[in-house]
Amino acid sequence: MSISYDAVLDDMLAVAREAGSLTQAHFKRFRDLEIGIKGPADFVSDADRESELLIRRYLFERYPGWSFTGEEFPPVDHEDQEYRWLVDPIDGTTNFINGQHYTISIALRRGNTTVAGVLYNPPADEMFSGIAGQGAFMNGERLSVSGQADIGLMMVGTGLPIPGLSLYPGAYERLDAIRAPIGGVRIVGSAANSCAYVALGRLTGYFEETGFVDTAAGILFVEEAGGIVTDWWGRGPEYYEQTGAMIVANRATHAYLIDKLKDVPRKELKHAKGL
């Protein structure tokens, strides 16, 4: 069966906007939200769950045989596992519950390849989209990573790991070493949005230990915008998709971060690839 990814992308854009409207209704009263705690500094709200259910219902109505992996509920494995949705209904829940920017991330995988992605930042009304091999866009404008190669002007995004929970000890010492020579470090608060900012050129690079469901769409945008995506030791998707240790960056910032992270003990795969 021939599939038009342009038509699929239209559906992804439409449901992202619907989820944006739903989450914005909660966001406007963020001071009164009831918050659940999944783990240390890992929060969830009714808006997360409602957003994921809305997206899942919408996509299953149109693509009933495709499988689904989301952040808030167990995966749904349908008969056609060649195609799978990866959905983070609110990436940046900590931002969300504090009235700051958050994103809705939807990626479509075919086998081990991300073929289309959408990322929506409702407070800013910024809609990122892309199809593999066809470029990445924000609100219709084609994206290109920053050409900045001056180390003193690099702007790098990351997150702040929780002591004792980081995959790799010494995270803050590494961050201090990375920060010293460059223009600045920014904590966007959403891994998905951080990737999109690299594709847009607002950041020259981004590194973190994070989840692939959050970042699949953003990684597609970076690659389509001319950026580089590897794990911390320069290895490909079979590593960063599982370990979560990823660098997304323009060429110069990628080389800089690889050098700064090269002495971190390598995280090896423990099981066969699969999401």
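Attention here is on the structure that accompanies the text. A quick note: this is a predicted structure, and the numbers were derived from the prediction, not measured.

### Focus: the packing of helix α5 (residues 191-200) against helix α6 (residues 212-224)
- At a minimum axis distance of 8 Å, the contact between α5 and α6 shows a crossing angle of 0 degrees. Relative to α6, the element α5 lies roughly parallel. Of α6, the residues touching α5 (which contributes Ala-191, Ala-192, Cys-195, Val-198 and Ala-199) are Asp-214, Thr-215, Gly-218, Ile-219, Phe-221 and Val-222.
- Residues belonging to the contact of α5 with α6 are distributed by class as follows: 8 nonpolar, 2 polar and 1 charged.

### Considerations on the sheet that holds strand β13 (residues 228-231)
- One open sheet holds the 5 strands; their spatial order is β11-β10-β12-β14-β13, and the pairing between them is mixed. With one partner strand each, in any of the chains shown, β11 (184-186) and β13 form the two edges of the open sheet. Mean inter-strand twist for the sheet, computed between neighbouring axes without regard to direction, equals 20 degrees.
- Relative to strand β14 (residues 245-249), strand β12 (residues 205-209) runs antiparallel, the two being bridged by 5 bridges. Paired with Gly-205 across the bridge in β14 is Ala-249.
- The strands touched by helix α8 (residues 251-261) within the sheet are β10 (155-157), β12, β13 and β14, with β14 carrying the most contacts at an inclination of about 150 degrees.

### Here's the deal with the sheet that holds strand β9 (residues 141-142)
- If you walk across this open sheet you meet the 7 strands as β3-β4-β5-β6-β7-β8-β9, and the pairing is mixed. The open sheet is flanked by β3 (66-70) and β9, the only strands paired with a single partner.
- As defined by bridge partners, strand β7 (residues 126-131) adjoins strand β8 (residues 136-138) across 3 bridges and the pair is classed as antiparallel. Within the sheet, the bridge partner assigned to Phe-128 lies in β8 and is Met-138.

### Topic: a nonpolar patch on the surface
- A contiguous nonpolar surface patch, about 300 Å² in accessible area, is contributed by Leu-160, Tyr-172 and Ile-187.
- In this structure, Ile-187 sits in the loop between β11 and α5.
- A relative accessible area of 45% places Ile-187 in the partly exposed class.

### Here we look at the pattern of salt bridges
- Going through the model one piece at a time under the given rule, you end up with 11 salt bridges.
- Within the structure, one salt-bridge network assembled from shared partners comprises Asp-11, Glu-61 and Arg-62.

Definitions and limits used
Residues numbered from 1 in each chain as written. Predicted model: local features only at pLDDT ≥ 70, side-chain atom pairs only at ≥ 80, totals over all residues. Heavy atoms only, no water. Axes fitted to C-alpha atoms, helices over the stretch in contact; angles between N-to-C directions. Helix = DSSP H or I, 4+ residues; strand = E, 2+ residues; numbered from the N terminus. Parallel < 35°, antiparallel > 145°, perpendicular 65-115°, else oblique. Contact = heavy atoms within 4.5 Å. Nonpolar A, V, L, I, M, F, W, Y, C, P; charged D, E, K, R; others polar. Pairing = 2+ DSSP bridges. Patch = residues over 30% accessible without salt bridge, like charges linked within 9 Å, V, L, I, M, F, W, Y side chains within 5 Å. Areas by Shrake-Rupley, 256 points an atom, 1.4 Å probe, with all protein chains shown as cover. Salt bridge = Lys/Arg side-chain N within 4 Å of Asp/Glu carboxyl O. Buried < 20%, exposed > 50% of the residue type's maximum accessible area, 1.4 Å probe, protein only.

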